[in-house]
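# Remarks on the overall topology
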Amino acid sequence: MASGVDTLAALYGGLLTALSPGNLLACLAGAFLGQLVGIVPGIGPVGGIALLLPMIYGQEPVAALIMLAGIYYGAMYGGTVTSVLMKIPGENSSVLTALEGYEMARAGRAGAALGIAAFGSFIAGNVGMLLLALFIVPLSAVAVGFGSVEYAALMCFALSAVSVLAAEAAVKGLISAVMGLALATVGLDSGTGALRFTFGIPELVEGIDFVVVAIGLFALPELCAIVERRGAGALLERHGYGRLRDLWPSVADWRRSAWPIARGSLIGFATGVLPGAGATIAAFLSYGAEKRLSRRPEAFGRGAIEGVAGPESANNGAVAGSLVPMLAFGIPGSATTAILLTGFTIVGIQPGPRLFVDHGPVAWALIASMLVGNLILLLLNVPLIGLSVQLLRLPANVMVATVVMVAAVGVFSLRTSLFDLWVLLLSGVVGYVMHKVRMPAAPLLLSLVLAPLFERNLRRSLELGGAPIFLERPVALALLALSLAIWLWPVVARLLARRAR
């Protein structure tokens, strides 16, 4: 009971900090920018945070982190608009919203779809925030007992989970992860001081900048895809815009959506905690659960409001869940939290077991700001729909050129280096090829972030007792066994499916 009281007191203190004028303005700015970023098809939270990351340089840590978090869950809200009005997912986790919400819009019920998505996202976001506050301190206490051996095994598990869960085929995920590990070896070896793979280029001594690669991998390829699909025409098709005369869902809509929202909130949080699973898998799991539990499964695919309420709640619940491994262990479980981790580093804070000891007020202010941000987004969501539609009326080539310009200026401002612009261009080309061959970019990005920590902890572990030390530590052995199980599961699943047929 005492720990619960302490948690409530810490959360209340964090809420007071989040409600201070400067932090409240940062939350409002992050939520607004995230909403706009989510509306632009293809960019999503990963590309959006990467594009806007240079804005936090020189900011006060609490305000900077609150703004980044606001961009994260704001982008989840924004992706709903294009999904319902245009059948174009703003990001991957909105695919199912596009399927059901667009059919509702064609039937003249775009308002109900957008309304239930907004309220479902608000409820799920706050449920996730409360669960995060409840579990984060006990998990951080467990993480304090982790040594280099356990951390090396945990990172192995995270990389395995991301590689397998983020890809249609495990081989593609593995290739992507190996590419990230290879890029991470470029630069100065922290253990020996030797230069690795710099090829005489001075700019490579400090390694390859993670933010530059993130923008190139996630933002540029999707912009190219928009141009390919739309040419110079406007993104918004005339028939995709339903009239929003009635944004409030009816009593019948709420009756059908209440349980999907509740289930989606829990599914989203639980899935978000798993490294590599994230919002997209959470949305698909929720959609599948609602279709199985529905009394009229034949309505799915033809505008079932449960197919909007469940997935939209799940992808917003996953936001809070994905913060658990990053805040408790310092290990990002998704591409978006990897960029958030970089934001923490920029303001001089290291997430992990010591976060709530060394920077407790900052951490609790960040968690509490999710309550404020979700409320702001709920209030902004209705008025912004009109602005969203006008934004989507811009010609695709104008919008793409604007985003590319913002990306180039942001990348150049990081180190005022022309070399980074070449890295941005090359990353964009690589990302475009990966997009075409349906190879996930998330394992590459996470490997690039985790590789230095993984290498450092692995080296310490081997110095302590060689390879057998992983078999002597129960936690490390369990994590390695889980890693092996993750790689074997696709093979086992195929054999079971073949046997069932």
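Residues numbered from 1 in each chain as written. Predicted model: local features only at pLDDT ≥ 70, side-chain atom pairs only at ≥ 80, totals over all residues. Heavy atoms only, no water.

## So, the overall build of the chain
When helices and strands are counted, the chain shows 20 helices and two strands. When each of the 501 residues of the chain is scored for burial, the buried share is 55%. When contacts within the chain are restricted to residue pairs at least 6 apart in sequence, those whose partners lie at least 24 apart make up 79%. Of the roughly 21,200 Å² of accessible surface on the chain, 70% is carried by carbon and sulfur atoms. (Helix = DSSP H or I, 4+ residues; strand = E, 2+ residues; numbered from the N terminus. Buried < 20%, exposed > 50% of the residue type's maximum accessible area, 1.4 Å probe, protein only. Contact = heavy atoms within 4.5 Å. Areas by Shrake-Rupley, 256 points an atom, 1.4 Å probe, with all protein chains shown as cover.)

## Comments concerning unusual backbone geometry
A positive phi is found at F197, a non-glycine position, where the angle reads about 55°. Structurally, the position occupied by F197 is in the loop between β2 (195-196) and α9 (210-230). Even without being a glycine, R438 presents a positive backbone phi close to 60°. With respect to the helices, strands and loops of the structure, R438 is situated in the loop between α17 (418-436) and α18 (442-465).

## Things to note about the pattern of salt bridges
Following the criterion strictly, the structure yields six salt bridges and no others. The residue E150 makes a salt bridge to R473 at a minimum N-O spacing of 3.2 Å. Linking E150 in helix α7 (residues 148-165) with R473 in the loop between α19 (469-472) and α20 (474-500), this pair joins segments that are 323 residues apart in sequence. The buried category is assigned to E150, whose relative accessible area is 8%. (Salt bridge = Lys/Arg side-chain N within 4 Å of Asp/Glu carboxyl O.)

## Quick look at a nonpolar patch on the surface
A cluster of nonpolar side chains, W422, L425, L426, V429, V433 and V437, forms an exposed patch at the surface whose accessible area comes to about 610 Å². Residue placement: L426 occurs in helix α17. On the basis of relative accessibility, which here comes to 56%, the residue L426 falls in the exposed class. (Patch = residues over 30% accessible without salt bridge, like charges linked within 9 Å, V, L, I, M, F, W, Y side chains within 5 Å.)

## A closer look at the nonpolar core
Core analysis: the biggest nonpolar cluster contains 118 residues, and L132, I215, L327, I367 and L445 have the highest contact counts within it. In contact with I367, not counting residues within four places along its chain, are L11, M129, L132, A133, I136, L327 and F356. In terms of nonpolar packing, the next biggest core, distinct from the first, is built from 16 residues, A112, A117, I261 and I305 among them. (Core = buried A, V, L, I, M, F, W, Y, C linked by side-chain atoms within 4.5 Å.)

## Re the side chain of T271
Within the secondary structure, T271 is located in helix α10 (residues 251-273). Residue classification places T271 among the buried residues on the basis of a relative accessible area of 6%. At a separation of 2.7 Å, a polar atom in the side chain of T271 contacts the main-chain carbonyl oxygen of I267. (Polar contact = N/O pair within 3.5 Å; in protein donor to acceptor, adjacent residues only side chain to side chain.)

## Digging into the packing of helix α12 (residues 306-329) against helix α13 (residues 335-346)
Remark: α12 packs on α13, axes separated minimally by 10 Å, with the N-to-C direction vectors making an angle of 40°. Considering their axes alone, α12 and α13 lie oblique with respect to each other. Handedness of the α12/α13 crossing: right-handed. Within the contact between the two elements, α12 uses S322, L323, M326 and L327 and α13 uses T337, L340, L341 and F344. (Axes fitted to C-alpha atoms, helices over the stretch in contact; angles between N-to-C directions. Parallel < 35°, antiparallel > 145°, perpendicular 65-115°, else oblique. Left-handed = near helix turned anticlockwise from the far one by under 90°.)

## Digging into the packing of aromatic side chains
Using the criterion set out here, one finds three aromatic pairs in the structure. Aromatic side chains Y287 and F300 sit 5.5 Å apart centroid to centroid with 80° between the ring planes, which places their arrangement in the edge-to-face category. Of this pair, Y287 sits in helix α11 (residues 278-293) while F300 sits in the loop between α11 and α12; the two residues are 13 residues apart in sequence, bridging distant segments of the chain. Accessibility assignment for this pair places Y287 and F300 in one class, buried. (Phe/Tyr/Trp six-rings, centres within 6.5 Å; stacked < 30°, edge-to-face > 60°.)

## Remarks on the environment of S121
Locating S121 in the fold gives a position in helix α6 (residues 110-144). Once the C-alpha coordinates of S121 and I261 are considered, the two residues, 140 residues apart in sequence, prove to be 8.4 Å apart. Contact partners of S121, with chain neighbours within four places excluded, come to Y77, E312, N316 and N374.

## Some points on the environment of A29
Mapping A29 onto the fold places it in helix α2 (residues 21-39). By relative accessible area, which is 28% here, A29 ends up partly exposed. Residues A29 and G70, 41 residues apart in the sequence, show an inter-C-alpha distance of 7.7 Å.

## Examining the packing of helix α8 (residues 170-184) against α18
Put simply, α8 and α18 touch, their axes get as near as 7 Å, and they point 40° apart. Taken together, the axes of α8 and α18 are oblique relative to one another. α8 and α18 meet at a crossing whose hand is right-handed. Of α18, the residues touching α8 (which contributes G173, S176, A177, M179, G180, L181, L183 and A184) are P443, L444, S447, L448, A451 and P452. Tallied by class, the residues present in the contact of α8 with α18 amount to 10 nonpolar, four polar and no charged. (Nonpolar A, V, L, I, M, F, W, Y, C, P; charged D, E, K, R; others polar.)

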